[in-house]
Amino acid sequence: MRKSLLLTSALVATGMLSAADQDSALSFKLRAQAGLETVDGVRNGFGAGLNYAFKIGGGSINTELGYQYFSGKQFRQPIPTNTLGLTEENSVDSRKDSLAGLSFRLSYSMPINKAWSWQAGAAISNLKNHHESIALFATTPVSNWDTTTDKSNMTFSPFAGVRYDMNEIGAIEINVIVASYKTTTITPVLGTTTVTPAIGEKSVSKPKIEFGYVFKF
């Protein structure tokens, strides 16, 4: 009986040590995105998500549910050539974009060696585009508007990169993601004496670098 108990205890202890040596399937990720300078749209962002990894063969399928935010900066839209006497000095057409919403990521990762692995996948997000437009045109009478629009769209953004594991401390990820989204467009329509806004939308796809940290549970 004592031998059986000792054998059972040894097996349980061995199983616990083995489990402790393996990476947990559950992790929490924080990441920041940085893009090149653009005239309009969004440039930088941050995201967070809860990830669960399913071991498949030598790699893993990663599923992550999280939140994504992208921010643009205030910029002035150039005043088009016109016969109304409107210039950059006497007229202003200012814009700003931001995006926010839930994001689901699906990816596949495969070890390169003990510390490094590669990964590739896509982020499927429901992002709300918040577009601000403030305009003041020196027409007679003055033409002006102060408009904000909010519109949600499903987006598909592929990404690929590498990951460096630091044992139980965590991991660092570096990805290149093609951030895809839709943004509102407001085009000034120049009449004979006034300027009016024509509202539309356009699709944007811009590559960004992602830097992420993985907290292992």
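Calculation rules
- Residues numbered from 1 in each chain as written.
- Predicted model: local features only at pLDDT ≥ 70, side-chain atom pairs only at ≥ 80, totals over all residues.
- Heavy atoms only, no water.
- Helix = DSSP H or I, 4+ residues; strand = E, 2+ residues; numbered from the N terminus.
- Contact = heavy atoms within 4.5 Å.
- Areas by Shrake-Rupley, 256 points an atom, 1.4 Å probe, with all protein chains shown as cover.
- Salt bridge = Lys/Arg side-chain N within 4 Å of Asp/Glu carboxyl O.
- pLDDT = per-residue confidence, 0-100.
- Pairing = 2+ DSSP bridges.
- Phe/Tyr/Trp six-rings, centres within 6.5 Å; stacked < 30°, edge-to-face > 60°.
- Buried < 20%, exposed > 50% of the residue type's maximum accessible area, 1.4 Å probe, protein only.
- Lys NZ or Arg CZ within 6 Å of the ring centre and 35° of its normal.
- Polar contact = N/O pair within 3.5 Å; in protein donor to acceptor, adjacent residues only side chain to side chain.

A short note on the overall build of the protein chain
(1) Moving on: Counting its regular elements, the protein chain contains one helix and nine strands.
(2) Moving on: Mapped from its N terminus to its C terminus, the protein chain presents α and β elements in the order α-β-β-β-β-β-β-β-β-β.
(3) Moving on: Sequence separation of at least 24 residues holds for 62% of the intrachain contacts in the protein chain that already meet a minimum separation of 6.
(4) Moving on: Accessible area for the protein chain stands at about 12600 Å²; split by element, carbon and sulfur atoms hold 65% of it.

Topic: the pattern of salt bridges
(1) Moving on: Applying the stated criterion across every chain yields a total of 12 salt bridges.
(2) Moving on: The partner of E173 in a salt bridge is K29, and the shortest N-O contact between them spans 3.0 Å. With E173 in strand β8 (residues 171–190) and K29 in strand β1 (residues 26–35), this pair connects stretches of sequence that are 144 residues apart.
(3) Moving on: In this structure, the salt-bridge partner of D165 is R163, at a minimum N-O distance of 3.0 Å.

Some details on the confidence of the model for the protein chain
(1) Moving on: Put simply, the protein chain has an average pLDDT of 88, and 89% of its residues get 70 or more.
(2) Moving on: Mean pLDDT across the elements of the protein chain ranges from a minimum in helix α1 (residues 2–21), with 39, to a maximum in strand β3 (residues 59–71), with 97.
(3) Moving on: With pLDDT under 50 throughout, residues 1–22 is counted as low confidence; its partners more than four residues away or in other chains account for zero contacts.

Remarks on the pairing of strand β5 (residues 92–111)
(1) Moving on: Here 12 bridges tie β3 to β5, and the two strands are oriented antiparallel to one another. Across the sheet, L65 pairs through a bridge with F104, a residue of β5.
(2) Moving on: Strand direction decides the pairing type here: strand β4 (residues 75–76) and β5, joined by two bridges, are antiparallel. Opposite F75, over in β5, you have R95 as the bridge partner.
(3) Moving on: For β5 and strand β6 (residues 116–137), the ladder comprises 20 bridges, and the chain directions are antiparallel. If you follow S107 over to β6, its bridge partner there is G121.
(4) Moving on: Following β5, the chain reverses through four residues before pairing antiparallel with β6.

Quick notes on the packing of aromatic side chains
(1) Moving on: In the structure shown here, the tally under the stated rule is seven aromatic pairs.
(2) Moving on: Taking the centre distance of 4.8 Å and the plane angle of 70° together, the rings of Y213 and F215 count as edge-to-face.
(3) Moving on: With a relative accessible area of 26%, Y213 lands in the partly exposed category.
(4) Moving on: Taking relative accessible area as the criterion, F215 reaches 37% and is therefore assigned partly exposed.
(5) Moving on: Here the aromatic residues F28, Y213 and F215 are joined through ring pairs into a cluster of three or more.
(6) Moving on: Residue placement shows R105 over the ring face of F159; its charged tip is 4.7 Å from the ring centre.

Considering the side chain of R163
(1) Moving on: Relative to the helices and strands, R163 is located in strand β7 (residues 143–165).
(2) Moving on: By relative accessible area, which is 14% here, R163 ends up buried.
(3) Moving on: A polar atom in the side chain of R163 sits 3.0 Å from the side chain of D165.
(4) Moving on: Residue contacts for R163: discarding those within four places in its chain leaves K29, A115, W116, S117, Q119, A171, I172, E173, V214 and K216.

Describing the environment of E201
(1) Moving on: By secondary structure assignment, the location of E201 is in strand β9 (residues 195–216).
(2) Moving on: For the pair formed by E201 and K182, sequence separation is 19 residues and the distance between their alpha carbons is 6.7 Å.
(3) Moving on: Sequence-distant contacts of E201, that is, excluding residues within four places in its chain, are made with K151, N153, K182, T183, T184 and T185.

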